[in-house]
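# Commentary on secondary and tertiary structure
Chain by chain, the residues:
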Amino acid sequence: MDDFLLGLETALTWQNLLVVFVGVLVGNLIGVLPGLGSAGTIALLLPITFAMPPESAIIMLAGIYYGSAYGGTITSVLLKIPGEATTIVTTFDGYQMARKGLGGVALGISAIGSFIGGTIAIVGLLFLAAPIAELALGFGPAEYTLLALTGIVLVAYLANGGLLRGLVVAALGLLLATIGTDPITGTARFTFGIPELGGGIEFAAVAMGLFGIGELMHTIEESRRNPSTSLTYGRVLPNRKELRRSAAPFARGSVIGFLLGVLPGGGATIASMASYGIEKRVSKTPNMFGRGAIEGVAGPETANNAAANSSFIPLLSLGIPANTTMAVIFGALMIQGITPGPQLIETNPELFWGVIVSMFVGNIVLLALNIPLIHVFTRLLSAPMRLLGPLTLLVTLVGVYSINSSIFDVWVALAFGVLGYGMKKFGFEVAPLALAFVLGPLLESNLRRGLLQSDGSFSIFVTNPVFLMLVVGAVAWAVLGWKSRRRAAAHGRADVMS
């Protein structure tokens, strides 16, 4: 209770209430404008956080993250363009509802579901984050090596394009993470005589390049190729029947989102897809999915916001970012001189509890903003990318330069922007690269420390209880996936015969 009161004291100052409002509002706007993305926006705003107290900076960045999880719904419903990857599933039924004149209902249900899912996840975060951090205090090099490796492999496995492509991209991220100073010997490596590489590649430049410039280039190309027209949205508040149909999806989506958000590599995108699949499976009218089923909007939208909030558990408790946006927030904490992990609750309790309590406030602001201001956000959809694109690029490059006042970082960001665009063009996900780049130093330093402890023997990892748990989890995942594929194949054969 004392810790919770400390969080209230931190979160309810007028400065932090203001940054919660600004974060949620910016997140909404970013979600509405396709292509910018929460990871790129947070990377873009890193220079602004330098002059802010650490707790205010992270509260604002967190607000942007869970705010954008809802903002992308507007374009998904009205344009069939997901403003965020987390809202891809919402296009399936949300757009069909909009075509029937129920776009406003889809947006209203999404706002209510986001509030419910986010609130339930925050309650879970409040009770579980501290015990997990306490458990993690006993972790050694072997446990951290296995957790970091699991996070990288899971992101590679869940990435679009397949496991092999994901692992190749992750390997590139790990390779880039080795540039700079050796963590054990302190000698320079892979710097090629370039003084600016002595401290490694600046993460903010990498993030702004991949998620800012790369995504921007891809979005401009897509907007020129596929210009879209927005549908009208009609009434916003759902009626009693629509709320009754959404009640069970709200509950299931909250649980699914919370559980998958905690897993490294899970996150809001996977949670929304899993929720949609479960809703379709338990529905009495599965043939309505894809034609405007309200359950196909309520469940995934609840799940993605629950996952967005619960993904702070591994970041704050273990120091392991669960997804790319968490990786950027991880970088923001490091820039502030704060190391995320089990010691965070002891060394910076006002930040730990302040961020958690601020999420309660943020979810109320999210609900209060979205239902009355939907018509304002929809007007932003008419903003042409030929104006937004150059402005965003300019602000991104100025932001990169302002971190270290380095032109070299600007060239790094441009190079990674071209790399990110090329990867997107050829079907490679950039998420495994970013997460591997962040987790690379953690993985390498703990792997080498573990080998030093065991005189070069890998048995310290293989005999570890965490390793055995991961093996059991991987086998269970494989069996469930195999059964799911068999059921899908059986349904496919049945459909062909009928």
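This text goes with the structure placed above it.
Okay, so let's go over this structure. The structure presented is a predicted model; accordingly, all values stated were derived computationally and were not measured.

## Looking at the overall build of the protein chain
The helix and strand inventory of the protein chain stands at 22 helices and two strands. Counting over 498 residues, the protein chain shows a buried share of 54%. For the protein chain, long-range pairs separated by at least 24 residues make up 78% of all intrachain contacts whose partners lie at least 6 apart in sequence. Summed over all atoms, the accessible surface of the protein chain reaches about 21,600 Å², with 68% contributed by carbon and sulfur.

## Digging into the packing of aromatic side chains
With the rule as written, the count across this model stands at four aromatic pairs. Look at Tyr 65 and Phe 312: their rings are 6.4 Å apart centre to centre, the planes differ by 55 degrees, and that puts the pair in the tilted class. Separated by 247 residues along the polypeptide, Tyr 65 in helix α5 (residues 54-78) and Phe 312 in helix α14 (residues 312-318) bring together distant segments of the chain. Assigned by exposure class, Tyr 65 and Phe 312 land together as buried. Taking 5.3 Å as the distance between ring centres and 75 degrees as the angle between the ring planes, the aromatic pair formed by Phe 92 and Tyr 276 counts as edge-to-face. You can see Phe 92 sitting in helix α6 (residues 90-99) and its partner Tyr 276 sitting in helix α12 (residues 267-282), a full 184 residues away along the chain. Using a relative accessible area of 38% as the deciding quantity, one classes Phe 92 as partly exposed. Grouped by ring-pair contacts, the aromatic residues Phe 92, Tyr 276 and Phe 289 constitute a single cluster. The ring of Phe 428 has Arg 165 sitting right over it, with the charged end atom 4.5 Å from the ring centre.

## Here's the deal with the pattern of salt bridges
Across all of its chains, the model carries six salt bridges by this definition. Of the charged contacts, one joins Arg 189 and Asp 182 as a salt bridge, the two residues approaching to 3.3 Å between their closest N and O atoms. This pair shows no difference in class: Arg 189 is buried, exactly as Asp 182 is. When the shortest N-O distance is used, the salt bridge between Arg 448 and Glu 444 registers 3.0 Å. Taken as a pair, Arg 448 and Glu 444 lie in helix α20 (residues 431-453) at a separation of four residues, close to a single helical turn. Through salt bridges that share partners, Asp 182, Arg 189, Glu 444 and Arg 448 make up one connected network.

## So, a nonpolar patch on the surface
Together, Trp 14, Leu 18, Phe 21 and Val 22 line one region of the surface with nonpolar side chains, adding up to about 410 Å² of accessible area. Position of Val 22 relative to the elements: it lies in helix α2 (residues 14-32).

## Thoughts on the packing of helix α11 (residues 240-262) against helix α13 (residues 295-310)
The contact between α11 and α13 brings their axes to 7 Å, and the two run at 30 degrees. Classified by the interaxial angle, the pair formed by α11 and α13 is roughly parallel. For α11 against α13, the interelement crossing comes out right-handed. For the pair α11 and α13, contact is made by Arg 245, Ser 246, Pro 249, Phe 250, Gly 253, Ser 254, Gly 257, Phe 258, Gly 261 and Val 262 and by Glu 295, Ala 298, Gly 299, Thr 302, Ala 303, Ala 306, Ala 307 and Ser 310, respectively. Considered class by class, the residues forming the contact of α11 with α13 number eight nonpolar, eight polar and two charged.

## Quick look at the nonpolar core
Leu 61, Ile 201 and Phe 312 are the most contacted members of the largest nonpolar core, which totals 86 residues. Counting residues per element, this core draws most heavily on helix α17 (residues 349-379), at 10 residues. Beyond its immediate chain neighbours, meaning those up to four positions away, Leu 61 contacts Ile 42, Leu 46, Thr 49, Ile 329 and Ala 332. Listed in part, the 14 residues of the second largest apolar core include Val 77, Met 97, Ala 98 and Val 297.

## Focus: the packing of helix α9 (residues 163-177) against α20
Across the interface, α9 lies against α20 with an axial gap of 7 Å and an inter-helix angle of 45 degrees. Taken together, the axes of α9 and α20 are oblique relative to one another. Helix-helix and strand crossings are classified by hand; for α9 and α20 the assignment is right-handed. Along the contact surface, α9 presents Gly 166, Val 169, Ala 170, Leu 172, Gly 173, Leu 174, Leu 176 and Ala 177, while α20 presents Pro 432, Leu 433, Ala 436, Phe 437, Gly 440, Pro 441 and Leu 443. In the contact of α9 with α20, the residues fall into 12 nonpolar, three polar and no charged.

## Here's the deal with a negative patch on the surface
There is a patch of like negative charges on the surface, built from Asp 2, Asp 3, Glu 134 and Glu 346. Looking at the secondary structure, you find Asp 3 in helix α1 (residues 2-11).

Thresholds, definitions, all that
Residues numbered from 1 in each chain as written. Predicted model: local features only at pLDDT ≥ 70, side-chain atom pairs only at ≥ 80, totals over all residues. Heavy atoms only, no water. Helix = DSSP H or I, 4+ residues; strand = E, 2+ residues; numbered from the N terminus. Buried < 20%, exposed > 50% of the residue type's maximum accessible area, 1.4 Å probe, protein only. Contact = heavy atoms within 4.5 Å. Areas by Shrake-Rupley, 256 points an atom, 1.4 Å probe, with all protein chains shown as cover. Phe/Tyr/Trp six-rings, centres within 6.5 Å; stacked < 30°, edge-to-face > 60°. Lys NZ or Arg CZ within 6 Å of the ring centre and 35° of its normal. Salt bridge = Lys/Arg side-chain N within 4 Å of Asp/Glu carboxyl O. Patch = residues over 30% accessible without salt bridge, like charges linked within 9 Å, V, L, I, M, F, W, Y side chains within 5 Å. Axes fitted to C-alpha atoms, helices over the stretch in contact; angles between N-to-C directions. Parallel < 35°, antiparallel > 145°, perpendicular 65-115°, else oblique. Left-handed = near helix turned anticlockwise from the far one by under 90°. Nonpolar A, V, L, I, M, F, W, Y, C, P; charged D, E, K, R; others polar. Core = buried A, V, L, I, M, F, W, Y, C linked by side-chain atoms within 4.5 Å. Lys, Arg positive; Asp, Glu negative; His and termini not counted. Charge placed at Lys NZ, Arg CZ, Asp CG, Glu CD.

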